[in-house]
Amino acid sequence: MEINSAEFVISNTDVKKCPAGQLPEYAFIGRSNVGKSSLINMLTGRTKLAMTSSTPGKTMLINHFLINNNWYIVDLPGYGYAKRGHKGQEQIRTVIEDYILEREQMTNLFVLIDSRLEPQKIDLEFMEWLGENGIPFSIVFTKADKLKGGKLMNNINSYLRELRKQWDELPPYFISSSESRLGKKELLEYIESINKTINQKS
Ligand code: GTP
Ligand code: MG
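Since we're looking at a predicted model, the values are computed, not measured.

Q: What exactly am I supposed to notice about the site of ligand 1 here?
A: The environment of ligand 1 is made up of 22 residues, and the closest members are Lys36, Ser38, Thr59, Asp145 and Ser178. For ligand 1, the protein covers 88% of the area, taking 650 Å² as the surface of the free molecule. In the shell around ligand 1, the residues fall into two nonpolar, 14 polar and six charged.

Shown next, in the form of C-alpha cells:
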C-alpha cells in the first residue's frame, strides 16, 4: 500500500471526542520512548507528522492522523513513565484504557516493544490485560537498527519464548526500525489486508 496523504486531525484525552464516523483505525502504544511517534513518521513517510523526542513522555494525548482519507493511525501516550508521578501515570492510564475499551473503530492495536530489552513486566501485564479484554493486537519490535543481526534475533526469540508461557497462540509480530525503515512494507501490507476484510464486510 502507498500512503498518498497523511494529515493530523485532532488530539484529545477524551475518547468521546475522537473523530466520528466508521473509518477503521490502527493505534500504536508502548512504553514511553519505545519509538511510537518515530514509527508513525516512518510508516507515513512524513518526518514531522507525529512529534518525536528523546525526552520520554512526549506524547500525552490521543492523536488521530487520517491516512489516504480512508483510515486512521492513532498515536497513544506511552505508559510506565515514572517521572510523571503516580497521579500523572494514573491519568494517562485512564485515557489509554478508556480509548482501548470504548473505541469501536479501533481495528488493531500495535504494541511496541524495544527489541534491545529483556521482556519487561509492564509490557507482559499490559498484553495479558488486552487478552483478557479480547482486544486484537500485534507486536512491533522497535529500534532493530541498534542491534547486530545475531543479537537481534536472539532477543526476539527469547521474547517469543516468554510470550509462549502466557499465550497458546502468539499474536502477529513485526520487526522494525524507524532509521532503516525495516518492517515498513510488512506493516503496511498487514494494515491493508485488514482494511480489505473490513471493506468486504460492509
Ligand atoms: P513518547 O511519546 O514519549 O511516549 O515516546 P515515543 O514512543 O513516541 O518515542 P519516539 O518516537 O519519540 O522516540 C524516542 C527516541 O527513540 C527518539 O530519540 C527517537 O529518535 C529514537 N528512536 C525511535 N525509533 C528508533 C529506531 O528505530 N532506531 C533508532 N536508532 N532510534 C529510534
Ligand atoms: Mg510519542
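Q: Would you mind going over the sheet that holds strand 3 (residues 62-67) with me for this structure?
A: Within a beta sheet, neighbouring strands are joined by backbone hydrogen bonds and run either parallel or antiparallel to one another. As summarised here, the arrangement of the seven strands in space is 1-3-4-2-5-6-7, forming an open sheet in which the pairing is mixed. Either end of the sheet is taken by a strand with one partner, and the two such strands are strand 1 (6-12) and strand 7 (173-175). Averaged over all neighbouring strand pairs, the angle between strand axes comes to 25 degrees, with direction disregarded. Across six bridges, strand 1 lies against strand 3 in antiparallel orientation. Residue pairing across strands places Phe8 opposite Phe65, the latter belonging to strand 3. Where helix 4 (residues 149-166) meets the sheet, it contacts strand 5 (106-114), strand 6 (137-142) and strand 7, and its direction lies at approximately 165 degrees from that of strand 7.

Scoring rules and cut-offs
- Residues numbered from 1 in each chain as written.
- Chains lettered and ligands numbered in written order.
- Predicted model: local features only at pLDDT ≥ 70, side-chain atom pairs only at ≥ 80, totals over all residues.
- Heavy atoms only, no water.
- Near = heavy atom within 4 Å.
- Areas by Shrake-Rupley, 256 points an atom, 1.4 Å probe, with all protein chains shown as cover.
- Nonpolar A, V, L, I, M, F, W, Y, C, P; charged D, E, K, R; others polar.
- Pairing = 2+ DSSP bridges.
- Helix = DSSP H or I, 4+ residues; strand = E, 2+ residues; numbered from the N terminus.
- Axes fitted to C-alpha atoms, helices over the stretch in contact; angles between N-to-C directions.
- Contact = heavy atoms within 4.5 Å.

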